[in-house]
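# Working through the structure, step by step
Here's the letter readout for the chains.
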4 protein chains.
Amino acid sequence: MVIIMKPHAPKEEILVLKHRLEKENVQVNVSEGQDYCVLGLIGDTSKIETTKIQANVYVEDVHKVQQNYKLANRLFHPDNSVVNIDGRKVGGNELAIIAGPCSVESEEQIVEIAKDVKKSGAKFLRGGAFKPRTSPYSFQGLRTEGLELLKIARQETGLPIVTEIMSANMIEKFVEDVDVIQVGARNMQNFELLKELGKTKKPILLKRGLSATIEELLMSAEYIMSEGNENVILCERGIRTFENYTRNTLDLSAIPAIKKLSHLPIIVDPSHAAGLWWMVEPLAKAAVAVGADGLIIEVHNDPQNALCDGQQSITPNRFDNLMGDLNKLVESGIRQVYSTANV
Amino acid sequence: MVIIMKPHAPKEEILVLKHRLEKENVQVNVSEGQDYCVLGLIGDTSKIETTKIQANVYVEDVHKVQQNYKLANRLFHPDNSVVNIDGRKVGGNELAIIAGPCSVESEEQIVEIAKDVKKSGAKFLRGGAFKPRTSPYSFQGLRTEGLELLKIARQETGLPIVTEIMSANMIEKFVEDVDVIQVGARNMQNFELLKELGKTKKPILLKRGLSATIEELLMSAEYIMSEGNENVILCERGIRTFENYTRNTLDLSAIPAIKKLSHLPIIVDPSHAAGLWWMVEPLAKAAVAVGADGLIIEVHNDPQNALCDGQQSITPNRFDNLMGDLNKLVESGIRQVYSTANV
Amino acid sequence: MVIIMKPHAPKEEILVLKHRLEKENVQVNVSEGQDYCVLGLIGDTSKIETTKIQANVYVEDVHKVQQNYKLANRLFHPDNSVVNIDGRKVGGNELAIIAGPCSVESEEQIVEIAKDVKKSGAKFLRGGAFKPRTSPYSFQGLRTEGLELLKIARQETGLPIVTEIMSANMIEKFVEDVDVIQVGARNMQNFELLKELGKTKKPILLKRGLSATIEELLMSAEYIMSEGNENVILCERGIRTFENYTRNTLDLSAIPAIKKLSHLPIIVDPSHAAGLWWMVEPLAKAAVAVGADGLIIEVHNDPQNALCDGQQSITPNRFDNLMGDLNKLVESGIRQVYSTANV
Amino acid sequence: MVIIMKPHAPKEEILVLKHRLEKENVQVNVSEGQDYCVLGLIGDTSKIETTKIQANVYVEDVHKVQQNYKLANRLFHPDNSVVNIDGRKVGGNELAIIAGPCSVESEEQIVEIAKDVKKSGAKFLRGGAFKPRTSPYSFQGLRTEGLELLKIARQETGLPIVTEIMSANMIEKFVEDVDVIQVGARNMQNFELLKELGKTKKPILLKRGLSATIEELLMSAEYIMSEGNENVILCERGIRTFENYTRNTLDLSAIPAIKKLSHLPIIVDPSHAAGLWWMVEPLAKAAVAVGADGLIIEVHNDPQNALCDGQQSITPNRFDNLMGDLNKLVESGIRQVYSTANV
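Nothing here was measured: the structure is a model prediction, and the numbers come from that model.

Calculation criteria
- Residues numbered from 1 in each chain as written.
- Chains lettered and ligands numbered in written order.
- Predicted model: local features only at pLDDT ≥ 70, side-chain atom pairs only at ≥ 80, totals over all residues.
- Heavy atoms only, no water.
- Helix = DSSP H or I, 4+ residues; strand = E, 2+ residues; numbered from the N terminus.
- Buried < 20%, exposed > 50% of the residue type's maximum accessible area, 1.4 Å probe, protein only.
- Areas by Shrake-Rupley, 256 points an atom, 1.4 Å probe, with all protein chains shown as cover.
- Lys, Arg positive; Asp, Glu negative; His and termini not counted.
- Charge placed at Lys NZ, Arg CZ, Asp CG, Glu CD.
- Least-squares fit on C-alpha atoms with pLDDT ≥ 70 in both.
- Contact = heavy atoms within 4.5 Å.
- Buried area = accessible area lost by both parts, 1.4 Å probe.
- Salt bridge = Lys/Arg side-chain N within 4 Å of Asp/Glu carboxyl O.
- Pairing = 2+ DSSP bridges.
- Axes fitted to C-alpha atoms, helices over the stretch in contact; angles between N-to-C directions.
- Phe/Tyr/Trp six-rings, centres within 6.5 Å; stacked < 30°, edge-to-face > 60°.
- Polar contact = N/O pair within 3.5 Å; in protein donor to acceptor, adjacent residues only side chain to side chain.
- Nonpolar A, V, L, I, M, F, W, Y, C, P; charged D, E, K, R; others polar.
- Expected span 1.5 Å × (residues − 1).
- Parallel < 35°, antiparallel > 145°, perpendicular 65-115°, else oblique.
- Left-handed = near helix turned anticlockwise from the far one by under 90°.

Another aspect to go through is the overall build of chain A. Counting its secondary structure elements, chain A contains eleven helices and 14 strands. Principal-axis analysis of the C-alpha atoms places the extent of chain A at approximately 75 × 45 × 40 Å. With 343 residues in all, chain A has 66% of them scored as buried. When the accessible surface of chain A is summed, it comes to about 11200 Å², and 45% of that surface belongs to carbon and sulfur atoms. The positive charge centre, built from 39 side chains, and the negative charge centre, built from 45, are 1 Å apart in chain A.

If you want it as structure tokens, here you go:
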């Protein structure tokens with residue numbers, strides 16, 4: 001940690017701060033510059049609250065050197081993590097494709113789509129049972145009934161199921177019924193939920209919040225991991241910017257950034273990012289090229305009658321073509337691969 | 001609702017869509033333009049999901065005319081709402097000032113600050129018991145013990161208490177112990193929590209999410225109101241932008257905007273917006289001038305040793321000066337007042 | 001154009017507005033809804049200023065249906081445009097790679113790098129002579145001397161040269177000396193410069209402004225085209241968002257968006273987007289996969305001693321590897337290709 | 001400047017960098033931390049390019065301590081600057097109000113509005129002659145004829161005139177004809193223009209760019225000042241964010257921030273910020289309360305027929321009421337005043 005004192009900060013106040021910091025078991029190097037005096041802290045600064053230091057009226061600014069996340073940090077865990085779900089891997093050399101409708105609507109719908117996406121090569125089935133909707137008057141999902149239908153689709157296809165949790169109250173049920181528990185963008189900083197999920201061993205798919213920084217996403221992963229659950233898969237799904245031609249702005253730079261900072265696998269959701277079905281295909285290719293460990297894609301057999309997000313769902317036929325292209329991309333050998341050696 | 005068809009959309013497809021929409025009990029006016037054909041929908045379109053229409057491959061764009069919020073909408077409720085908390089009003093002509101520390105730290109701390117802010121004219125005491133922190137390694141609040149200390153401070157001063165809830169599990173306790181339940185920015189779209197709070201009659205202080213639009217804030221208020229609880233107070237606390245000199249960018253334009261769109265009271269949090277104690281004073285004055293119904297301000301008797309957010313807390317002495325200025329501002333009569341007549 | 005009147009707008013005021021609009025040679029359809037009255041305008045609305053209509057106190061909102069750009073619009077020019085520079089094409093099926101240093105530093109430097117990038121397959125040489133720098137105290141480029149050195153490098157390698165113009169005063173010289181004139185992000189809305197460039201026939205590389213919407217980028221292209229110069233190449237180079245791990249956030253969704261809206265070629269600048277040399281490679285691959293018509297990449301033979309932007313420059317060796325990968329990507333056939341048929 | 005080396009950076013590479021930096025006449029303190037080694041630079045680091053250091057593959061991150069602006073920096077110029085225009089002051093204790101139409105349309109229009117705003121207490125007349133418009137098909141201003149009309153209005157009222165320059169070619173004429181030369185948001189980083197303006201002695205009104213940081217705004221002021229012109233007035237006019245209910249998001253926190261960082265006067269443009277006439281009044285009050293040195297407000301006698309930006313113009317009558325309120329606000333004594341003592 002580096003602390004920049006205000007110009008003209010009195011020497012005695014600098015010493016007071018220095019002594020206070022030394023009591024927290026760090027060494028403090030004082031460098032007197034022309035206009036500014038700078039304190040360099042050496043040792044484990046992870047427990048020092050920067051806000052307390054910023055509250056000091058003689059402090060101009062504080063820069064952290066160490067990241068606040070430890071368990072998610074590649075520095076202390078150089079090798080790529082691989083999350084294993086019934087033998088299917090997320091984070092290794094294989095590409096993990098999750099596909100399915102925005103929301104589960106009926107047994108017929110979810111089973112049919114599950115069979116379709118499986119045939120095209122999807123490894124996991126997605127489908128919303130509990131839906132976070134901006135409006136209380138929009139379809140809120142089939143809820144527990146939706147979970148039952150997902151289980152039927154899993155039985156029919158063997159595909160592990162991925163679905164979103166919206167409340168800590170449901171954890172027990174989700175742990176029993178579901179293969180990967182998704183935390184949606186709006187709950188990325190629902191810390192009580194994260195802590196409770198950390199007490200399970202279930203794989204967690206943690207989506208980046210609408211305006212979360214890369215660091216905040218990793219801190220939310222740390223919440224889960226610090227409670228004992230290391231099976232975290234991150235997901236980039238677009239961030240909110242001034243550009244509103246697309247629903248969100250897909251931040252593909254986040255993939256190499258996270259690969260450098262963390263060992264956790266990260267996948268991309270091109271459907272929610274763009275919010276436009278005809279962008280899913282090019283963005284999916286880009287995501288694989290940039291080095292994502294997988295994709296989560298909305299596929300619907302009848303987008304115009306979908307109860308949710310039809311505008312960003314592709315048909316099984318388009319999905320099948322896309323999978324063909326993605327396979328070619330993988331085979332071409334140009335997909336960016338990250339390892340300790342090259343990040 | 002207005003639907004713009006793609007250029008060259010086949011006539012028969014336009015008719016198919018028209019008929020489908022008419023089944024939802026709206027009238028559809030077709031206007032054939034030079035390049036685009038436009039459908040104008042008349043009637044109650046609030047139940048029509050725009051995403052389904054956008055999923056139609058012949059549709060270029062959809063514009064809503066009606067807002068999706070009804071109970072929070074000034075159109076259907078022209079007069080300003082006033083939330084009454086033990087006889088203290090938020091939303092009327094009086095200015096509601098909420099003050100106190102970021103987090104409750106000890107009985108001595110909270111009682112002393114409560115007495116200080118009361119003496120200066122605060123009407124409510126704030127203090128965090130459950131704290132949403134970016135890092136799992138930061139101080140998480142005294143939790144239920146914090147609630148007990150707040151109750152002591154209320155007993156000593158008579159100030160109603162405002163504190164943040166982080167999980168639906170705690171609602172029963174909060175309803176019993178607390179006067180105003182705060183929903184933090186990170187939980188603004190925790191819809192399960194909002195629904196549960198809607199089933200109580202407690203006043204809810206709903207903070208705007210870090211990147212929530214004004215419309216989304218009102219939709220979250222609608223979640224609470226649609227379950228039966230109309231005691232909602234909104235709070236602008238800064239939004240996330242590219243500018244990072246301040247912690248967030250305080251969006252004071254949101255005050256006149258919300259006054260026009262909604263009848264709900266709205267207050268401003270200058271402490272979290274700026275994240276810098278020396279900005280609280282000027283921003284508080286600006287917020288009152290622009291027409292906010294109140295303020296929520298972090299006050300700490302020893303900011304440098306605060307367990308949380310000391311960098312944005314002002315001392316009781318500064319708070320006292322500020323209250324003097326705010327009173328002068330109110331007395332000058334220039335504070336913007338909103339009523340049906342002028343919005 | 002669709003105009004939404006305020007609820008309770010008096011009928012006579014609606015008629016006044018209707019008649020005023022009809023004088024501008026458009027037909028006005030009035031749809032009376034439950035709460036809102038909507039006016040649909042049919043005909044050529046491109047000359048109607050929306051701001052005038054918004055100034056009407058009885059108007060709630062205005063939505064445009066027609067885009068304001070005509071010459072850049074795919075609607076009126078369905079086929080992809082190809083810009084031809086001495087026989088080298090930007091916008092066709094080939095991938096146009098522009099490479100070179102941020103700024104020209106010396107004859108030796110620019111000639112050496114030019115030879116290197118040519119050998120690896122670059123089709124154009126970039127190099128800054130006039131440099132827009134945030135600080136007046138930073139290196140401002142070799143200016144006219146830099147132009148001379150670029151010409152030497154062109155002579156040595158045959159590569160057409162691409163360099164940035166910063167002032168309309170220099171147009172004559174640039175037209176004579178340069179093959180593609182670049183308009184930087186900070187000048188994207190320097191309309192006087194755009195108009196002057198529109199009077200030449202030189203190919204213009206127009207970079208997206210730091211916070212320009214896709215529509216604004218196309219409107220700036222329209223400025224150039226409306227003066228008679230249709231040789232416009234667009235460039236996505238990252239936009240400014242709250243995320244500051246990267247210098248900018250590369251918006252790859254802009255590629256399919258622009259392909260749909262416009263016939264103009266668009267390339268990507270991964271160097272300025274990320275501002276981090278180690279991200280250039282994965283982002284370049286993603287840009288090609290998503291369907292960009294080319295790339296502009298900063299290559300320097302000694303990044304640590306570069307006078308400008310060394311942190312985002314890759315070495316000739318890395319560039320050579322990247323070109324190998326990009327060729328494989330093109331050969332794999334999965335690169336997204338846009339044509340009227342599929343956008 | 002503080003340089004954080006990568007974990008495991010070889011000692012010899014750290015020494016190489018240290019020696020290289022020492023050659024630039026700074027002292028380098030090396031602090032070996034647990035995981036990171038940190039270099040603290042002491043001395044005048046303003047000439048060291050951070051990008052060169054970031055290009056070093058062993059460097060993790062670089063933090064600046066010194067700001068890059070010197071002439072605009074309050075650190076080296078503690079007292080508030082006051083810009084004097086024919087005896088009228090911007091930056092002192094008085095409030096400087098600039099008012100007038102978006103664009104000059106006719107002699108009658110500009111003279112009538114000038115008289116109106118003068119009567120209400122405006123100290124300067126604004127009016128656009130050269131208009132930067134997003135679309136080439138929108139009204140571009142009366143250009144040189146507009147300048148002539150402004151001069152007539154000045155003669156009739158005695159109000160100094162403020163108008164925007166769009167090209168360095170026009171400087172000579174503007175210096176002769178105009179009292180304050182405005183640089184618009186889109187030209188804030190048109191560095192060639194800034195340099196040329198720096199060679200004059202004319203007062204410059206420099207508007208913040210649409211997505212310019214506070215630091216970048218000050219760096220652009222530095223461009224003008226470093227050429228010898230210290231008569232710079234800054235202007236906050238809203239920044240681009242995800243919120244699009246308003247045209248831009250007015251960033252009032254920028255006022256206290258800039259007062260702390262710089263001695264230059266800063267005014268606020270509530271008209272362009274909101275883009276909505278009914279928000280001008282509350283935002284103007286807030287801007288004065290927060291401590292702005294003045295306001296620039298669009299006033300039009302017939303907004304519905306204004307050739308430009310009618311939707312954000314207020315009538316002379318409303319302006320008169322607003323001036324009354326602003327006077328009361330100033331008299332109340334609560335307006336934030338900044339001086340070296342309190343920033």
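Turning our attention to the relation of the copies chain B and chain A. Expressed as a screw operation, the relation of chain B to chain A combines 0.0 Å of axial shift with a rotation of 180 degrees, fitting to an RMSD of 0.0 Å. Both copies are brought into coincidence by an operation consistent with a two-fold rotation axis. Within chain B, serine 211 of chain B has its C-alpha nearest the rotation axis, a separation of 3.0 Å. Here 100% of the interface residues in chain B have copies in chain A that are interface residues too; the copies meet face to matching face.

For the rest of this paragraph, the subject is the interface of chain B and chain A. Of the residues lining the interface, 49 residues belong to chain B; the matching set on chain A comes to 50 residues. Summed over both partners, the interface of chain B with chain A comes to about 4500 Å²; 48% of that surface belongs to carbon and sulfur atoms. Summed over the three residues of chain B that lose the most area to chain A, namely Tyr137, Glu192 and Gln304 of chain B, the buried surface amounts to 14% of that side. Joining chain B to chain A, the criterion identifies six salt bridges. The shortest N-O distance in the salt bridge between glutamate 192 of chain A and arginine 143 of chain B comes to 3.1 Å.

A few words now on the sheet that holds strand β3 (residues 37-42) of chain C. All names here are of chain C. Read from one edge to the other, the open sheet built from four strands follows the order β2-β3-β1-β4, with strand pairing classed as antiparallel. Edge positions in the sheet fall to β2 (27-32) and β4 (59-63), since each of these pairs with one other strand and no more. Sheet twist, expressed as the mean angle between neighbouring strand axes with direction ignored, is 20 degrees. As defined by bridge partners, strand β1 (residues 2-5) adjoins β4 across four bridges and the pair is classed as antiparallel. Each residue of the ladder has a partner; that of methionine 5, found in β4, is valine 59.

Before going further, it helps to examine the packing of aromatic side chains. All chains considered together, the criterion is met by twelve aromatic pairs over all chains. When the ring of phenylalanine 191 of chain B is compared with that of tyrosine 223 of chain B, the centres are 4.5 Å apart and the planes differ by 25 degrees; the resulting orientation is stacked. Taken as a pair, phenylalanine 191 of chain B in helix α6 (residues 191-198) and tyrosine 223 of chain B in helix α7 (residues 214-226) lie far apart in primary sequence, 32 residues in all. Accessibility assignment for this pair places phenylalanine 191 of chain B and tyrosine 223 of chain B in one class, buried. Measuring from centroid to centroid gives 5.8 Å for phenylalanine 130 of chain C and phenylalanine 174 of chain C, while their planes differ by 45 degrees, and the two rings are tilted.

It is worth spelling out the interface of chain D and chain C at this point. How big an interface is tends to be stated in terms of the accessible area lost upon association of its parts. Taken together, the 49 residues of chain D in the interface contact 49 residues of chain C. Around 4500 Å² of area is buried between chain D and chain C when both sides are counted, 48% of it from carbon and sulfur atoms. Summed over the three residues of chain D that lose the most area to chain C, namely Tyr137, Glu192 and Gln304 of chain D, the buried surface amounts to 14% of that side. For the pair chain D and chain C, the interface holds six salt bridges. Close ionic contact of glutamate 216 of chain C with arginine 240 of chain D constitutes a salt bridge, the shortest N to O distance being 2.7 Å. Applying the counting criterion to the chain D and chain C interface returns 24 residue pairs in polar contact (both at pLDDT 80 or more). Among the elements of the structure, α2 (50-54), α6 (191-198) and α7 (214-226) of chain D are those that each provide at least two residues to the side of chain D that touches chain C. Per-element tally for the side of chain D that touches chain C: the top contributor is α7 of chain D, with five residues. Of the residues belonging to the side of chain D that touches chain C, the class tally is 17 nonpolar, 20 polar and twelve charged.

The next thing to look at is the sheet that holds strand β7 (residues 96-100) of chain B. Residues and elements named next belong to chain B. Reading around the circumference, β7-β8-β9-β10-β11-β12-β13-β14 is the order of the eight strands in this closed barrel, with parallel pairing throughout. When the angles between neighbouring strand axes are averaged without regard to direction, this sheet yields 30 degrees. In terms of strand pairing, strand β11 (residues 204-207) meets strand β12 (residues 232-236) through four bridges, oriented parallel. Bridge pairing in β12 links isoleucine 204 to valine 232. α6 contacts β9 (161-165), β10 (180-183) and β11 of the sheet and is inclined by roughly 165 degrees relative to β10.

Here helix α11 (residues 316-331) of chain C is 16 residues long and its end C-alpha atoms lie 22 Å apart, about the 22 Å a rise of 1.5 Å per residue gives. Elements in contact with the buried residues of α11 of chain C: α11 (316-331) of chain A together with β7 (96-100), α3 (107-120), α10 (277-290) and β14 (294-298) of chain C. One or two steps after α11 of chain C, the chain reaches glycine 333 of chain C, where phi turns positive at roughly 80 degrees.

Attention shifts here to the pattern of salt bridges. Counted according to the given criterion, the structure contains 102 salt bridges over all chains. As a salt-bridge pair, glutamate 49 of chain A and arginine 133 of chain B come within 3.2 Å of each other at their nearest N and O atoms. Here glutamate 49 of chain A is found in the loop between β3 (37-42) and α2 (50-54), whereas its partner arginine 133 of chain B is found in the loop between β8 (124-126) and α4 (144-157) on a different chain. Note on accessibility: glutamate 49 of chain A and arginine 133 of chain B belong to one class, buried.

Moving on to the relation of the copies chain D and chain C. Overlaying chain D with chain C gives an RMSD of 0.0 Å, the required rotation being 180 degrees about an axis along which the chain moves by 0.0 Å. Looking at chain D, 100% of its interface residues are interface residues in chain C too, so the copies touch through the same face.

All names here are of chain D. One can describe the packing of helix α3 (residues 107-120) onto helix α11 (residues 316-331) by two numbers: an axis separation of 9 Å at closest approach and a directional angle of 20 degrees. Considering the angle they form, α3 stands roughly parallel to α11. Seen from above, α3 lies across α11 with right-handed handedness. Facing α3, whose interface residues are Asp116, Val117 and Ser120, α11 presents Pro316, Phe319, Asp320 and Met323. Its residues placed into classes, the contact of α3 with α11 shows four nonpolar, one polar and two charged.

Two faces belong to every sheet, and in a regular strand the side chains alternate between them. Residues and elements named next belong to chain D. For strand β7 (residues 96-100), the buried fraction is high: five of the five residues fall into the buried class. Here β7 shows a buried face lined by Ala96, Ile98 and Gly100 and a second buried face lined by Ile97 and Ala99. Two strands pair when backbone bridges link them, and β7 and strand β14 (residues 294-298) are joined in this way by five bridges, in the parallel orientation. When the bridges of β14 are listed, alanine 96 appears paired with glycine 294.

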